[in-house]
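Here is how the chains run, residue by residue.
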Amino acid sequence: MRQVLADQYAEFAAARAGHLYRSACLLTAGDTHLAEDLVQETLGRLYISWHRVTRVGNPAGYAQTVLTRTFLAHQRRRSSKERATDSFPERAYAGHGDVPLRLTLLEALARLPAKDRAVVVLRYWEDRSIEETADAMHASSAAVRTRCTRALGRLRELLGEDLGEYARF
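Since this is a predicted model, take the numbers as computed values, not measurements.

*Asks:* Hey, could you run me through the overall build of the chain in this one?
*Replies:* The number of helices and strands found in the chain is 8 helices and 0 strands. Its helices and strands in sequence order give the chain the pattern α-α-α-α-α-α-α-α, from N to C terminus. Burial status across the chain gives 41% buried among its 169 residues. When the accessible surface of the chain is split by element, carbon and sulfur atoms take 52% of a total near 10300 Å².

Quick look at the structure:
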């Protein structure tokens, strides 16, 4: 039985790690090292409780919730909001799209408070409902609506009124 659970976990982790990493990069506003740490911690927590997670109807959603809560806990524990550097590492971009646009969006996300950033990622990147987002963040639906409004308003200030051009990627 343990080997079956271990195999199921390994298969799940291999399939979801990339998606969790992309979400973590958005949550951390491009801090790839912290994103890797968050994904590792998330996968470690899932491994410990995998026997319970397999009974959940949506293990991928459960993993995303664990990632979000791990990120928010990290933000609360952090003694300093300073970052070692504000520049991105020089490397080739393997994906398609507009690199300067992506960097602009990541910089704008970085300027949002952690909870507002989490709401934006969960609602608009993960395409979760208000209730699902509230559950993932241990908050009320009203608090999520307020944070969405506040975060989108702040992004409009940072990016300009026409956010539509940024939504195409």
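Now that the structure has been shown, we can carry on.
*Asks:* How do you make sense of the packing of helix H6 (residues 114-125) against helix H8 (residues 141-159) when you look at a structure like this?
*Replies:* Relative placement of two packed helices is described by the angle separating their axes and the distance separating the axes. H8 packs onto H6 with a crossing angle of 100 degrees between their chain directions and a minimal axis gap of 9 Å. Judged on the interaxial angle alone, H8 and H6 are roughly perpendicular. Counted together, Lys-115, Asp-116, Val-119, Val-120, Arg-123 and Tyr-124 of H6 and Val-144, Arg-147, Cys-148, Arg-150, Ala-151, Leu-152 and Leu-155 of H8 form the full contact between these two elements. Looking at side-chain class alone, the contact of H6 with H8 contains 8 nonpolar, no polar and 5 charged residues.

*Asks:* Looking at this structure, how should I read unusual backbone geometry?
*Replies:* Only a minority of non-glycine residues have a phi that is not negative, and only a minority of peptide bonds are not trans. Despite not being glycine, Asp-127 shows a phi value in the positive range, around 55 degrees. Assignment of secondary structure puts Asp-127 in the loop between H6 and helix H7 (130-137). Of note in the backbone geometry, His-138 takes a positive phi value of approximately 55 degrees without being a glycine. Summarising the element assignment, His-138 is placed in the loop between H7 and H8. With relative accessibility at 64%, the residue His-138 sits in the exposed group.

*Asks:* How should the packing of helix H4 (residues 59-77) against H6 be read in this particular structure?
*Replies:* Between H4 and H6, the shortest axis-to-axis distance is 10 Å and the interhelical angle comes to 165 degrees. Looking at the two axes, H4 sits roughly antiparallel to H6. Helix-helix and strand crossings are classified by hand; for H4 and H6 the assignment is right-handed. From H4, Gln-64, Thr-68, Phe-71, Leu-72 and Gln-75 reach across to H6, where they touch Ala-114, Lys-115, Arg-117, Ala-118 and Leu-122. Residue composition of the contact of H4 with H6, by class: 5 nonpolar, 3 polar and 2 charged.

*Asks:* Teacher, can you tell me more about H6 here?
*Replies:* The α-helix winds at 3.6 residues per turn, so residues separated by three or four positions along the chain end up facing the same way. Its 12 residues place the ends of H6 15 Å apart at the C-alpha level, agreeing with the 16 Å of an ideal helix rising 1.5 Å per residue. For H6, a buried count of 9 out of 12 residues is recorded, marking the element as mostly surrounded by other parts of the structure. Where H6 is buried, its residues meet helix H1 (2-27), H4, helix H5 (99-110), H7 and H8.

*Asks:* Which parts of the structure should I look at to understand H4?
*Replies:* Helix length check: H4, at 19 residues, gives a terminal C-alpha distance of 27 Å against a target of 27 Å (1.5 Å per residue), a fit within 8%. Counted residue by residue, H4 has 14 buried out of 19 residues, so it is predominantly covered.

*Asks:* Explain the pattern of salt bridges to me, please; I cannot follow it from the model alone.
*Replies:* Opposite charge on two side chains permits them to pair, given that their charged atoms come into close proximity. Scanning all chains against the criterion turns up 4 salt bridges. The closest approach of N and O atoms between Glu-41 and Arg-45, which form a salt bridge, is 2.6 Å. Linking Glu-41 with Arg-45, this pair stays in helix H2 (residues 32-48), spanning 4 residues, or about one helical turn. Here Arg-45 falls in the partly exposed class, since its relative accessible area comes to 38%. Here Glu-157 ties to Arg-154 by a salt bridge, and the two come within 3.1 Å at their closest N and O atoms. Of the two residues, Glu-157 and Arg-154 are both situated in helix H8; the distance of 3 residues between them amounts to about one turn of the helix. For Arg-154, a relative accessible area of 29% puts it in the partly exposed group. A network of salt bridges, in which partner residues are shared, links Asp-116, Arg-147 and Arg-150.

Reading guide: rules and limits
- Residues numbered from 1 in each chain as written.
- Predicted model: local features only at pLDDT ≥ 70, side-chain atom pairs only at ≥ 80, totals over all residues.
- Heavy atoms only, no water.
- Helix = DSSP H or I, 4+ residues; strand = E, 2+ residues; numbered from the N terminus.
- Buried < 20%, exposed > 50% of the residue type's maximum accessible area, 1.4 Å probe, protein only.
- Areas by Shrake-Rupley, 256 points an atom, 1.4 Å probe, with all protein chains shown as cover.
- Axes fitted to C-alpha atoms, helices over the stretch in contact; angles between N-to-C directions.
- Parallel < 35°, antiparallel > 145°, perpendicular 65-115°, else oblique.
- Contact = heavy atoms within 4.5 Å.
- Nonpolar A, V, L, I, M, F, W, Y, C, P; charged D, E, K, R; others polar.
- Left-handed = near helix turned anticlockwise from the far one by under 90°.
- Expected span 1.5 Å × (residues − 1).
- Salt bridge = Lys/Arg side-chain N within 4 Å of Asp/Glu carboxyl O.

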